[in-house]
Amino acid sequence: MRTDGLHRQGLLVAASLSGAILFLGFGAPADAAASPIAEVRGVEDKALRSEIQQVIGQGAWPASRLEARRRANDAADQATAVLRSEGYYDATIAPDIGDGDSPQPFVTVTPGPRSQIAEPAITWLGAAPDAASDKAAVQAMGLTPGTPAKAADVIAAEGRIVAALQAHGYADAAAEPRNVVVDHADHTMKPEFNVRSGALVRLGLVEVKGKSRSSEAWVARLAPWRRGDIYKPASVATLEKLLLDTGAFNQVNVALAPESAVMNGERPVIVTLTPRPKGSIELGASYSTTEGAGIDSRWLVYNRLGLGDTITTLAQLAQIDSRLQTELALPDWRKINETLKLTAALYRDNTPAYDLRGGGLSADLTHKYGQISFITYGLSLDETSTIQNEAANFIAGARDRHLTTLGTLFAFTADNSNDPLDPTKGFRLGARLEPTWSVGDGSIAYVKGSAQASVYLPLQADAATVVALRLKMGVIAGGDIPGVPPQDRFYSGGGGSVRGYGYQEVGPRYPDNTPEGGLSQVESSVEVRQRLTDTWGLAAFIDTGYVGSQTTPDFSHPEVGAGIGVRYNLGFGPIRFDIATPLVRRDGDAPIQVYLSIGQSF
C-alpha cells in the first residue's frame, strides 16, 4: 500500500492536538459538561488512550441520537489520524452510541501491531551533492530501522536533510513530495525522501537595498565571510544580527540574490535595511534629599555617517552634576564586536567635597567577548579648575587648583542578569584600572583601581522574593591626600552606595565637616526585594561603607545604613522610593534620607 497522505495526517494530528491544548488551557464554556465528546474504549496502552482522548476533547452531552452518532463518527476520524501518526496503520476503529434519546458516543479501538521504520532512503532529483554533503544528509535523517514509524519523525527527518544540505552550502536545497510505503504484511514503513540539492553556492558581492544611508562598504566589511566562500546559513544570520545590534535599523533582511544573478560562480547577497527614525529624545529625572533634584535630556541621532553610528547629545541640569556632552558611537569600528566611542563634554560639579569646572575629550574602545563580557581601553584629556578644601593646623581652607589631566582606562564588565533595571537573577561583575597623570597646580601621577560584584538570588521560581547582594572595593596607589585631586578620590554615601548617609558623607571629614575623600573604599549591600502584585513591591536593605585616608582599607569601623523602600513597576522598570537612616550618626548626619529614581539601586 502506497501512502502519500502522511504529511496531511501529520498536519491533521498537529491541528487536532493544538485545538485540544487550547480547549484544555482555556477551559470549556460555562454551560458545557466536563464529559468526553466520545469515550475511547479498547486501548490497553494508557498513554495512547489518553492521547486519543485528548484529541477528541470534551463538550456538552449530545442533545439527540443523531448528534451522538455524528460525534462518534468524527471521533473515529480523529482516532484514526492519531493512530496512524503513531505508527498504527492496521488499527480497527468502530464508532457507536449507547442507549437512550441522548446517548454517550464512543469509539472502540483495536490498535493492532505497530509498524516500524525500514530502509529509509534519499533519492536525489537532479545532480547529487558532493560525497561529504551526501553523507551529512544521510546522517541527519536520523531514522533508525526498527523504531516506531511515527509520522512526525518522518516529517522532521525531511527537514533535517534539507537543513544539513544548506549547512554545507546548498542554499537552494528543497524536498519534493516524499514516497512512503506501508507494508501491512510485515508491518513496516519505508520512507523515501525526494530531494533536490541544487548547486553549491559561493558568496559574492554584498548589495545594500532600502532607504538607509548606510555605506555599502561598511556593511560588506561586517560580513563574516570572504568573496568566494561557500554559503553558510549561520554566516548570513550573523550579519543580520550585527546590523540589528547597532540599533540604527528597525528591520534587517539578509538573503541570497536569485540564481539568475550568479556571476563568475558567485552569488550576490542582498541586504535590505529599514532605518529607524532619524532621531529620538529621552527625558529623565531623579531626586534625593542630599543630592537634590536633577533632570536630563538625551537627543539621539542614528546612522548619520552611514556606519550604523549613534550620536548622543546629553544636556543635564542637577544640583551636583550638570553637563553638556556629545558622544559618537561607532559599532563594529575596525572589526566585529568592537565599538569606538568619542566624547566631548563641558561639566560642572557642585559637591559637598569640592566644586569643579572643566571640559574634556575622551576615546573609549570596547571589545565584546561572548554574550556578556566586555573589555574597554580608554584615553582622556581634561582641563579642570577645582575649588577644594585642605586642612592645616586643624583648620580647613579652600584652594583653587588648575590641572591638565591625561587619563587612561582599562575596564572589564560581565553581565548575565536578566534585566538592566530590575534584575531578579544572575550576576554583574566590573573592574576598572585608571593610571592618571596631572600637571599644573600640584603635578601628580597615580593609579586608581576598583572592582564591584552584584548577585541576584530568586527564592522562588517566579522570583517573587529576590535577595540582592553587592560588594565594591577600591584603592588609589602612588598618591596621597591632598595630592590626589578631590574629583578622583573615593567617596561613599547616597542613593547609589550607602543609603542613610548623605552624598559623600561616609569617610573622613575636614574640621568644618566637609568630606575629605579617601584612597581606599569598601562598600557592601544586602537587599531583600518582595513583589506584592504585578505593579507593587517592597524592599528592605542594609548598606555598609568605609572610606579611608590610607591605601590599605580598615574594616574595623564601617558606617552602616538601613532602610525600607517601595517599588512601582512601570512596565519597563520600577520607580524606586527608599527611606534610610544611619545606624551610627555623627555630627552633621541627618536622621533620615529619602531617594527617588527609576530602577533598582544596583
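Residues numbered from 1 in each chain as written. Predicted model: local features only at pLDDT ≥ 70, side-chain atom pairs only at ≥ 80, totals over all residues. Heavy atoms only, no water.

(A) Examining the layout of surface pockets more closely. Quantified by volume, the second largest pocket comes out at close to 580 Å³. Asn337, Thr339, Thr366, Lys368 and Phe374 are, among the 23 residues lining the second largest pocket, the residues nearest its centre. At the level of secondary structure, the elements contributing two or more residues to the lining of the second largest pocket comprise α7 (233-245), β18 (338-350), β19 (354-369), β20 (373-392) and β21 (395-415). When its residues are assigned to classes, the lining of the second largest pocket shows six nonpolar, nine polar and eight charged. (1 Å grid on protein atoms, 1.4 Å probe; cavity = no way out; pocket = protein on both sides within 12 Å on 5 of 7 lines; lining within 4 Å. Points joined across faces, edges and corners; volume = space filled by probe spheres on them. Helix = DSSP H or I, 4+ residues; strand = E, 2+ residues; numbered from the N terminus. Nonpolar A, V, L, I, M, F, W, Y, C, P; charged D, E, K, R; others polar.)

(B) Quick peek at unusual backbone geometry. Backbone torsion omega between isoleucine 481 and proline 482 reads 20°, so that peptide bond is classified as cis. Look at histidine 187: it is not a glycine, yet its phi comes out positive at around 55°. The class of histidine 187 is partly exposed, set by a relative accessible area of 25%. For alanine 463, which is not a glycine, the phi torsion comes out positive at approximately 55°. With respect to the secondary-structure elements, alanine 463 resides in the loop between β23 (444-458) and β24 (465-477). (Buried < 20%, exposed > 50% of the residue type's maximum accessible area, 1.4 Å probe, protein only.)

(C) Region of the structure containing the pattern of salt bridges. This structure, assessed with the given rule, holds 28 salt bridges. Here aspartate 462 and arginine 531 are joined by a salt bridge, their closest N and O atoms 3.7 Å apart. In this pair, aspartate 462 sits in the loop between β23 and β24 while arginine 531 sits in strand β25 (residues 520-531), placing the two residues 69 residues apart along the sequence. We classify aspartate 462 as partly exposed; its relative accessible area is 47%. Residue arginine 529 pairs with glutamate 527 through a salt bridge whose shortest N-O separation is 2.6 Å. For the pair arginine 529 and glutamate 527, one class covers both residues: buried. Salt bridges sharing common partners tie together Arg499, Glu527, Arg529, Asp543, Arg567, Arg576 and Asp578. (Salt bridge = Lys/Arg side-chain N within 4 Å of Asp/Glu carboxyl O.)

(D) Empty space enclosed by the protein, seen in detail. Enumeration over the complete set of coordinates arrives at one cavity of 30 Å³ or more. Approximately 30 Å³ is the volume found for the largest cavity. Every residue lining the largest cavity is listed: Ala353, Gln388, Asn389, Pro486, Arg489, Tyr491, Tyr510, Pro515 and Glu516. Grouping the amino acids of the lining of the largest cavity by side-chain chemistry returns five nonpolar, two polar and two charged.

(E) Highlighting the environment of alanine 315. Considering the arrangement of structural elements, one finds alanine 315 in strand β16 (residues 310-318). Owing to a relative accessible area of 38%, alanine 315 belongs among the partly exposed residues under this scheme. Measuring from C-alpha to C-alpha, the distance between alanine 315 and threonine 535 comes to 31 Å, with 220 residues separating the pair along the chain. With residues near it in sequence (within four places) discarded, alanine 315 still touches Ile295, Asp296, Ser297, Arg323 and Leu324. (Contact = heavy atoms within 4.5 Å.)

(F) Quick look at helix α5 (residues 151-167). The first and last C-alpha atoms of α5 sit 25 Å apart over 17 residues, in line with the 24 Å expected at 1.5 Å per residue. Of the residues making up α5, those classed as buried are Ala151, Val154, Ala157, Glu158, Ile161, Val162, Ala164 and Leu165. All buried residues of α5 project into a common sector of 160° when viewed along the axis, lining one side. Remark: glycine 169 follows α5 within two positions and exhibits a positive phi of approximately 105°. (Expected span 1.5 Å × (residues − 1). Arc of directions from axis to C-beta.)

(G) Fine view of the sheet that holds strand β13 (residues 267-275). Spatial ordering of the open sheet is given by β11-β13-β12, a layout of three strands whose pairing is mixed. Each edge of the sheet is formed by a strand with only one pairing partner; in this case those strands are β11 (203-210) and β12 (249-256). In this sheet, neighbouring strand axes are inclined to one another by 20° on average, regardless of whether the strands run parallel or antiparallel. In terms of strand pairing, β12 meets β13 through seven bridges, oriented antiparallel. What sits directly across from glutamine 251, in β13, is threonine 274. Along the sheet face, α7 touches β12 and β13 and points at about 165° away from the line of β12. (Pairing = 2+ DSSP bridges. Axes fitted to C-alpha atoms, helices over the stretch in contact; angles between N-to-C directions.)

(H) Geometry of helix α3 (residues 65-85). Here α3 spans 30 Å end to end across 21 residues, near enough to the 30 Å set by a 1.5 Å rise per residue. Count one or two residues on from α3 and you reach glycine 87, which has phi positive near 95°.

(I) Highlighting the sheet that holds strand β3 (residues 39-41). Strand order in this open sheet of three strands is β3-β6-β5, and the pairing throughout is mixed. Of all the strands in the sheet, the pair left with one neighbour each is β3 and β5 (92-97). Within this sheet the neighbouring strands show an average axis-to-axis angle of 25°, counted without direction. Of the strand pairs in this sheet, β5 and strand β6 (residues 105-110) are connected by six bridges, and their pairing is antiparallel.

(J) Main features of the confidence of the model for the protein chain. Here the protein chain shows a mean pLDDT of 89. Residues at 70 or above account for 93%. Predicted confidence is poor over residues 1-33, with pLDDT under 50, and the contacts of this stretch with residues over four places away or in other chains come to 39 contacts. (pLDDT = per-residue confidence, 0-100.)

(K) A look at the nonpolar core. Core analysis: the biggest nonpolar cluster contains 21 residues, and Val219, Leu239, Leu243, Val271 and Leu273 have the highest contact counts within it. In this view, leucine 239 contacts Val219, Leu222, Ala223, Pro224, Trp225, Val254 and Val271; residues no more than four positions away in its chain are not counted. Counting residues in hydrophobic clusters, the runner-up holds 20 residues, among them Tyr89, Ala149, Met189 and Val195. (Core = buried A, V, L, I, M, F, W, Y, C linked by side-chain atoms within 4.5 Å.)

(L) Molecular detail of the packing of aromatic side chains. One pass over the structure, following the stated rule, counts four aromatic pairs. Note on tyrosine 354 and tyrosine 491: the rings are 6.1 Å apart at their centroids and 45° apart in plane angle, and the pair reads as tilted. Taken as a pair, tyrosine 354 in strand β19 and tyrosine 491 in the loop between β24 and β25 lie far apart in primary sequence, 137 residues in all. Taken together, a centroid distance of 4.8 Å and an interplanar angle of 65° make the contact between tryptophan 536 and tyrosine 568 edge-to-face. In this pair, tryptophan 536 is assigned in strand β26 (residues 536-548) and tyrosine 568 in strand β27 (residues 559-569), connecting sequence segments 32 residues apart. Of the residues examined, tyrosine 568 reaches a relative accessible area of 32% and is grouped as partly exposed. Over the aromatic face of tyrosine 302 sits the side chain of arginine 276, whose NZ or CZ is 4.0 Å from the ring centroid. (Phe/Tyr/Trp six-rings, centres within 6.5 Å; stacked < 30°, edge-to-face > 60°. Lys NZ or Arg CZ within 6 Å of the ring centre and 35° of its normal.)

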